[in-house]
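Below, each chain spelled out in residue letters.
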Amino acid sequence: MKGSGGSLGGAVFPNAPSLDRPGTGRAGAHHGELIQGVFQDERGRLHRGLITLPLSHMNSLALFEVADEQGVSVVPPEKMKAAKAALLTLRHLDSHHLGGLLTVESAIPVGHGYGSSTADVVASIRAVADAFEMQLRPSVVCRLAVEAERASDAIAFEDQAVLFAQREGVVIEHFGDALPPIWVIGFKANDGQLVDTLALPPARYSSEEIQTFAMLRGLAARSIKYQDPHLLGQAATLSAKISQRHLAKAQFATALGIANNFDACGVQVAHSGSLIGIILDATAPGVAGTARNIAEAAATAGFKDVVVQPIYSVRRPS
Amino acid sequence: MRFDADYFEALETPRMARLAANVVAAAFPLMKLMPARYILDRAEAAGELKGKAHIVETTSGTFGMAVALLAAARDYRLTLVTASTLMDSKYQARLQRLGAEVIALDDPRGDGNQKGRLESLDGILRQVPDAFWTRQYDSDGNWLAYARLADLFVRSMGQIDCLVGCVGTGGSLCGTGTFLRSVFPDLKIIGVDTHRSILFGQPLGKRVLRGLGNSVLPKNVRHELVDEIHWVGAYPAFHAAHRLFRQHGMFMGPTSGAAALVGQWVSKTNPEARVAVIMPDEGHRHADTVYNDIWLSTLPGWRTPASAFPTKISRIEPKPETAWTRFDWRRRSLEDVMQLQTTDR
């Protein structure tokens, strides 16, 4: 309390690192996007943007131990983007004269399109901030992440649904709630081949597609406001169909067919990867059985790495 | 940032009004602002509209008003070609106050003289070769602009099963319908036309209900999207406009009345369906006519009861202004439907 004793003798330095305790940070994976396209900001300017489908049960965990000399070393050493993110965070905290040791442990499979790199980057930014006993706003974390790896996604917002400009690191629209509870049966098209996201030229959308994205944004807003997985699924399906014109996935029509056969809410894709997900309403009776049947059908159709993923809200009591 | 962006976006935004448990109407003050702004924005972005460019268009009114508002705010020169039967002197004076030059042609046949208007517009384009024609009849920009309406509809309704709207240029119904159907493939699109408009195969004649229908066929009318077409006579439309005012406090134009009439009928016959209705304009322009009992009493047959429900027809033909007919169009081309009409004879 103000004026009460205790800290009179020594000044309080909120930005001083607690050298005896390493900072920790955590960030989740994602399963591609529900919607991706270009969207108008409030001034009418167009931005590339997306709504991430977060996977909160797979995480990257980062530890940061502050050292009194410049430079960040990282374990394992190939996580260069994470190290860069740690340096950028030190600079953001006006502590570029300091450095440290960053350790990243991730349960997210690398190179499978689950956004492991972004998760490492976001976890590292949070770990550095935590070492300074600070928390950063999601918008700041996103900006630093984009700076560290050119394009990012919105996982810093956890389960809060946002329309995120992935190349600028800014939020175009905050939908004001979490996604409705869904299950995603995920698998890989194209024999699981990997896509180098950053090497892809950005899609050039037609006027009709750009206009369609405006409606998709409205559908997403409605589905989040009313927690309607069916509307969200329909929007994701249309976004996936548009993506198919720009980066075709083998057997996409097969995936749509499976979704239809089992009355799923819809289909989502990683718009710059090979992941496909079939969306189910988590609150529908018999969802686990339907998920198993869809997983079997997908495996039978030749899709690789079929996984059933409940998308839990972080705030969900468990 | 465009200094006018906010103002025109607000003015072109409809009020989303619930007409019944399963019906939401988008009630526009001036719907045509949506395509007009989109077409001008696109032309500006493409460098087709620069400095003090000269814009030209043929219009019966509201598209002209929309372009005139934008042209005044953005400092463009504007010439509008219309017909004397389509525009009263007060409306013309409003357009002129905005700086628009209005050419009102004679209309001896009472069909809107669209052919004469297009010839006059051609003449201007020959004299002013770098004039910009907004081309609401066949510009893609017209229908593309209505993604914004599709966005507003899904935000306020979610799933949509039926879309009801008037057809004049085809932009609003076919545009909104295209976007909504891309996400709701089973969407039923129900068009509202009027007797003696040629859009859906009727012979050309004098129309009493204005603001929908046409005497020429614009490219933006895409018949293959339409499941069902209604021809609403002037009188049921006028009565519907009066009811909108009394029952919902909405002072709308008679085309909005026609759309509401059909929309409410669709909702009653499909109680499970979620029905979206497009109501394109307000009633102020019609205060001395549609909302004036003395003017109404001069209309031949006005006291005859107007149809309260549509008569399903299989032969497409004009009916009196008291009548309301409908036809199962079934997403066919005009050619296909008309071919069957002649072989059936």
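An unreviewed UniProt entry annotates chain B as PLP-dependent cysteine synthase family protein of Aminobacter carboxidus. Note on chain B: under the UniProt heading Cofactor (unreviewed entry), the record states "pyridoxal 5'-phosphate".

Trainee: Quick question: what am I supposed to make of the overall build of chain A here?
Mentor: Within chain A, the regular secondary structure consists of seven helices and ten strands. Per-residue burial for chain A yields a buried fraction of 48% across its 318 residues.

Trainee: Would you explain the pairing of strand E8 (residues 266–269) of chain A in this entry?
Mentor: On any regular strand, side chains alternate: one points to one face of the sheet, the next to the other face. All names here are of chain A. The two faces of E8 match: Gly266 and Gln268 on one face and Val267 and Val269 on the other face are all buried. Bridge analysis of E8 against strand E9 (residues 275–281) gives four bridges, and the strand direction is antiparallel. Considered in E9, the bridge of Gly266 is made with Ile279. Hairpin connection of E8 to E9: five residues between the antiparallel strands.

Trainee: Would you explain the interface of chain A and chain B in this entry?
Mentor: Size of an interface: often given as the accessible area lost when the parts come together. Residue-level contacts link 19 residues of chain A with 16 residues of chain B. Elements supplying a minimum of two residues to the side of chain A that touches chain B: helix H4 (207–225) and helix H5 (229–246) of chain A. Looking at the side of chain A that touches chain B residue by residue, the classes come out as eight nonpolar, six polar and five charged.

Trainee: What is the right way to look at the domain arrangement of chain A in this model?
Mentor: Residues and elements named next belong to chain A. Assigned domains within chain A: domain 1 (23–173) and domain 2 (179–311). Between the C-alpha centres of domain 1 and domain 2 there is a distance of 24 Å. Between domain 1 and domain 2, the residue contacts involve 21 residues of the former and 30 residues of the latter. Mapped by element, the contributors of at least two residues to the side of domain 1 that touches domain 2 are strand E1 (23–40), strand E2 (46–67) and strand E5 (160–165). Broken down by element, the residue count for the side of domain 1 that touches domain 2 peaks at nine residues, all from E1.

Trainee: How should I be thinking about unusual backbone geometry in this particular structure?
Mentor: Note on backbone geometry: most residues besides glycine have negative phi, and most peptide bonds are trans. Residues and elements named next belong to chain A. With an omega of -5°, the peptide bond running from Val75 to Pro76 counts as cis. The topology assignment puts Pro76 in the loop between strand E3 (71–75) and helix H1 (80–92). One non-glycine residue with positive phi stands out, namely Asp263, at about 55°. Take Asp263: it is sitting in the loop between helix H6 (252–261) and E8. Note on Asp263: 11 C-beta atoms within 10 Å, which makes it exposed. One non-glycine residue with positive phi stands out, namely Asp305, at about 50°. Positionally, Asp305 belongs in strand E10 (residues 304–311).

Trainee: Teacher, can you tell me more about the confidence of the model for chain B here?
Mentor: Detailed reading of the predicted model is not advised wherever pLDDT is low. Averaged over every residue, the pLDDT of chain B is 93; the share at 70 or more is 97%. Per the prediction output, this complex has pTM 0.91; the corresponding ipTM is 0.91.

Trainee: How do you make sense of the environment of Ala72 of chain B when you look at a structure like this?
Mentor: Following the sequence through the fold, Ala72 of chain B ends up in helix H3 (residues 62–74). Among residues more than four places away in sequence, those in contact with Ala72 of chain B are Leu98 and Gly99 of chain B.

Trainee: Before we go on, may I ask you to explain the sheet that holds strand E5 (residues 101–105) of chain B in this structure?
Mentor: The strands making up a sheet associate through backbone hydrogen bonding, with each pair oriented either parallel or antiparallel. Residue and element names in this part refer to chain B. Pairing within the open sheet is parallel, and its four strands lie in the order E5-E4-E3-E6. Where the open sheet ends on each side, the last strands, each with one partner, are E5 and strand E6 (132–133). When strand E3 (residues 54–58) meets strand E4 (residues 77–83), the two strands line up parallel, connected through five bridges. Paired with Ile55 across the bridge in E4 is Leu78.

Trainee: What is the right way to look at the packing of H4 of chain A against H5 of chain A in this model?
Mentor: For any two helices packed against each other, one specifies the crossing angle of their axes together with the interaxial distance. Residues and elements named next belong to chain A. It is the contact of H4 with H5, at a shortest axis distance of 8 Å, that shows an interaxial angle of 155°. Considered as vectors, H4 and H5 are oriented roughly antiparallel to each other. The handedness of the crossing between H4 and H5 comes out as left-handed. Residues Glu209, Thr212, Leu216, Leu219, Ala220, Arg222 and Ser223 of H4 touch H5, and the partners they reach there are Leu231, Leu232, Gln234, Ala235, Leu238, Ser239 and Ile242.

Trainee: How should I be thinking about the domain arrangement of chain B in this particular structure?
Mentor: Residues and elements named next belong to chain B. Partitioning chain B into domains gives domain 1 (5–31 + 141–304 + 311–331) and domain 2 (33–133). Measuring from the centre of the C-alpha atoms in domain 1 to the corresponding centre in domain 2 gives 24 Å. At the level of secondary structure, the elements contributing two or more residues to the side of domain 1 that touches domain 2 comprise helix H1 (5–11), helix H6 (140–144) and helix H7 (147–157). Examining the composition of the side of domain 1 that touches domain 2, we find that three residues originate from one element, H6, more than from any other. Here the residues of the side of domain 1 that touches domain 2 sort into ten nonpolar, seven polar and six charged.

Trainee: Explain H7 of chain B here, please?
Mentor: Residue and element names in this part refer to chain B. Along H7, eight of the eleven residues are buried, which leaves the element largely enclosed by surrounding structure. The complete set of buried residues in H7 reads Ala147, Arg148, Leu149, Ala150, Asp151, Leu152, Phe153 and Val154. Gly158 lies just past H7 and shows a positive phi near 70°.

Thresholds, definitions, all that
Sequence positions are assigned chain by chain, starting from 1 and proceeding in written order. Chains and ligands are labelled sequentially in the order written, the chains with letters from A and the ligands with numbers from 1. Since the coordinates come from a predicted model, pLDDT governs what is reported: local features require at least 70, and pairs of side-chain atoms require 80 or more to be given and counted, while whole-chain, interface and lining totals use all residues. UniProt positions are given in the numbering used here, feature names are shortened, and annotations may be inferred rather than shown by experiment. Only DSSP runs of H or I covering at least 4 residues are called helices, and only runs of E covering at least 2 are called strands; the numbering of each starts at the N terminus. Between the buried cut of 20 or more and the exposed cut of 12 or fewer other C-beta atoms within 10 Å of a residue's own C-beta lies the partly exposed class, and all C-beta atoms are placed from the backbone. Should DSSP find at least two bridges between two strands, the strands are taken to pair. We call two residues in contact whenever the C-beta atoms placed from their backbones are within 7 Å. Residues are grouped as follows: Ala, Val, Leu, Ile, Met, Phe, Trp, Tyr, Cys and Pro are nonpolar; Asp, Glu, Lys and Arg are charged; all remaining types, including Gly, are polar. Residue ranges labeled as domains rest on an automatic or database domain assignment. In predicted models, pLDDT denotes the confidence assigned by the predictor to each residue on a 0 to 100 scale. Here, axes are lines fitted to C-alpha atoms. For helices the fit covers the stretch in contact, and angles between N-to-C directions go from 0 to 180 degrees. Oblique is the label for every angle not falling under 35 degrees (roughly parallel), over 145 degrees (roughly antiparallel), or within 65 to 115 degrees (roughly perpendicular). Put simply, a crossing is left-handed when the front helix is turned counterclockwise from the back one by less than a right angle, and right-handed when it is turned clockwise.

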